[in-house]
Amino acid sequence: MEAKVAPSLLSADFGNLARDIEEINASKADYLHVDIMDGVFVPNISMGFPVLKAIKKSSQKPLDVHLMIVNPDQYVERFRDAGAAVLTVHYEACTHLHRTISHIKDCGMLAGVALNPHTPVEVLADIIQDVDLVLIMTVNPGYGGQKFIEHSYAKLLRLQKMLKDSGSKAMVEVDGGVNFDNAEKLVNHGVNVLVAGSTVFGAPNRAEAVLKLKGE
Ligand code: DX5
Ligand code: ZN
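Computed from a predicted model, the values in this text were never measured in an experiment.

Peer 1: How would you explain the pairing of strand S8 (residues 193–196) if you had to name every residue and give the values?
Peer 2: Of the two faces of S8, the one holding Val193 and Val195 and the one holding Leu194 and Ala196 are both buried throughout. Note that strand S1 (residues 4–7) and S8 share four bridges and pair parallel. Following the sheet pairing, Lys4 is matched in S8 by Val193. Sheet topology note: the strand S7 (residues 171–175)/S8 ladder contains three bridges and is parallel. Residue pairing for S8: Asp175 is matched across the bridge by Val195. Viewed along the sheet, the connection from S7 through helix H6 (residues 183–188) into S8 turns out right-handed.

Below, the structure is given as structure tokens:
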């Protein structure tokens, strides 16, 4: 099975975003992954609405927006208006996750839920049928270029079992430390979408890097 690839713009050249997005437009990437960090949920701050809107103007790929922010519920409409196609919130940041997921879907976006490395997939038992995507963080969120956490494979297998048992059609996405060496193994563990920041933007030819992650 071929994986979808979502290059993470966090590793792009922020002084030349339009140029870097152009390279992704010309590639076989399936989404453009955009990381929103608030400096509270994670110890880093990335970008806000004006930058996201500018990204949307340049991108021909659907925007896969990963919110690493507290209280995401209050910004759902604004992320829709800024161009998000997929909106993913963190389980750890949502007291009323069911309400937030419904809100995202009512706004016409695909709804994703992300889990930090220490959060077991079993906490999703009563929401797995309502989400369009489960994002397994394979590093601690906040920064690009970190080392993949090996324990993630066991977690992915448990997630596959949950999906099968529940009949959920949710896509599985991994984010953090994805590279040419582990991409195939991740796909063999049921991953549908590979997020890759430094592996794509650190490569001399980004389109080739996307193909290589897809195993082509
Ligand atoms: C980290 C972000 C990732 C990051 C991944 O918190 O969610 O999307 O850009 O970067 P790499 O692929 O370099 O680990
Ligand atoms: Zn991300």
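So much for the structure itself; the text now carries on.
Peer 1: Account for helix H8 (residues 206–213), with residues named and values stated.
Peer 2: Since one α-helical turn is 3.6 residues long, residues separated by three or four positions face the same way. Within H8 the residues assigned to the buried category are Arg206, Ala209, Val210 and Leu213. Seen end-on, H8 carries its buried residues on one side only, within an arc spanning 100°. Residues of H8 that are buried make contact with S1, helix H1 (17–25), H6, S8 and helix H7 (198–201). Measuring from the side-chain oxygen of the N-cap residue of H8 to the backbone nitrogen of Ala207 gives 3.1 Å; that N-cap residue is Asn205. Just downstream of H8 lies Gly215, where phi reads positive at about 80°.

Peer 1: Quick rundown of the coordination of the zinc ion (ligand 2)? Include the residues and the values.
Peer 2: Taken together, the protein ligands of the zinc ion (ligand 2) are His33 (NE2), Asp35 (OD), His66 (ND1) and Asp175 (OD), with distances of 2.0 to 2.3 Å. Taken together, the six donor atoms surrounding the zinc ion (ligand 2) define angles of 70 to 168° at the centre, an arrangement classified as octahedral. Taken in sequence order, the residues that donate to the zinc ion (ligand 2) follow the motif H-x1-D-x30-H-x108-D. One end of the pair, Asp35, is in strand S2 (residues 32–37); the other, Asp175, is in strand S7, with 140 residues separating them in the sequence. Here Asp35 falls in the buried class, since its relative accessible area comes to 4%.

Peer 1: Explain the packing of aromatic side chains to me, using residue names and the numbers behind them.
Peer 2: Within this structure, the stated rule accounts for three aromatic pairs. The interplanar angle of 50° and the centroid separation of 4.7 Å between the aromatic rings of Phe49 and Phe79 together place this pair among those described as tilted. Note that Phe49 is positioned in helix H2 (residues 49–58) and Phe79 in helix H3 (residues 76–82), a separation of 30 residues in sequence. On the basis of an interplanar angle of 45° and a centroid distance of 5.2 Å, the ring pair of Phe148 and Tyr153 is categorised as tilted. Taking the relative accessible area as the measure of exposure, Tyr153 reaches 9% and is therefore buried.

Peer 1: Break down the state of the cysteines for me, citing the residues and quoting the values.
Peer 2: Under the defined criterion, the tally for this structure stands at zero disulfides. There is no disulfide at Cys94, and the cysteine sulfur nearest it, in Cys107, is 14 Å away.

Peer 1: Lay out the site of ligand 1 with the relevant residues and their values.
Peer 2: Close to ligand 1 lie 20 residues, the nearest being Ser8, Gly142, Asp175, Gly197 and Ser198. One of the side-chain N or O atoms of Asp35 is found 2.9 Å from an oxygen atom in ligand 1. The contact in question runs from an oxygen atom of ligand 1 to an N or O atom on the backbone of Gly145, over 2.8 Å. Compared with its free state, where it exposes 380 Å², ligand 1 has 100% of that area covered by protein.

Peer 1: How would you explain the sheet that holds strand S5 (residues 110–115) if you had to name every residue and give the values?
Peer 2: Overall, parallel pairing links the eight strands, which are arranged S1-S8-S7-S6-S5-S4-S3-S2 in an open sheet. Two strands close off the open sheet at either side, each with one partner strand: S1 and S2. Direction aside, the axes of adjacent strands within the sheet are offset by 25° on average. The pairing of S5 with strand S6 (residues 133–137) spans four bridges and is classified as parallel. Note on S6: the bridge partner recorded for Ala114 is Leu135. Along the sheet face, H2 touches S2 and strand S3 (63–68) and points at about 165° away from the line of S3.

Scoring rules and cut-offs
Residues numbered from 1 in each chain as written. Chains lettered and ligands numbered in written order. Predicted model: local features only at pLDDT ≥ 70, side-chain atom pairs only at ≥ 80, totals over all residues. Heavy atoms only, no water. Buried < 20%, exposed > 50% of the residue type's maximum accessible area, 1.4 Å probe, protein only. Helix = DSSP H or I, 4+ residues; strand = E, 2+ residues; numbered from the N terminus. Pairing = 2+ DSSP bridges. Right-handed = clockwise from strand over helix to strand, strands pointing away. Arc of directions from axis to C-beta. Contact = heavy atoms within 4.5 Å. Polar contact = N/O pair within 3.5 Å; in protein donor to acceptor, adjacent residues only side chain to side chain. Donors = N, O, S within 2.8 Å, 3.2 Å for Na, K, Ca; no water. Tetrahedral: all angles 85-135°; square planar, octahedral: opposite > 155°, others 65-115°. Phe/Tyr/Trp six-rings, centres within 6.5 Å; stacked < 30°, edge-to-face > 60°. Disulfide = S-S within 2.5 Å. Near = heavy atom within 4 Å. Areas by Shrake-Rupley, 256 points an atom, 1.4 Å probe, with all protein chains shown as cover. Axes fitted to C-alpha atoms, helices over the stretch in contact; angles between N-to-C directions.

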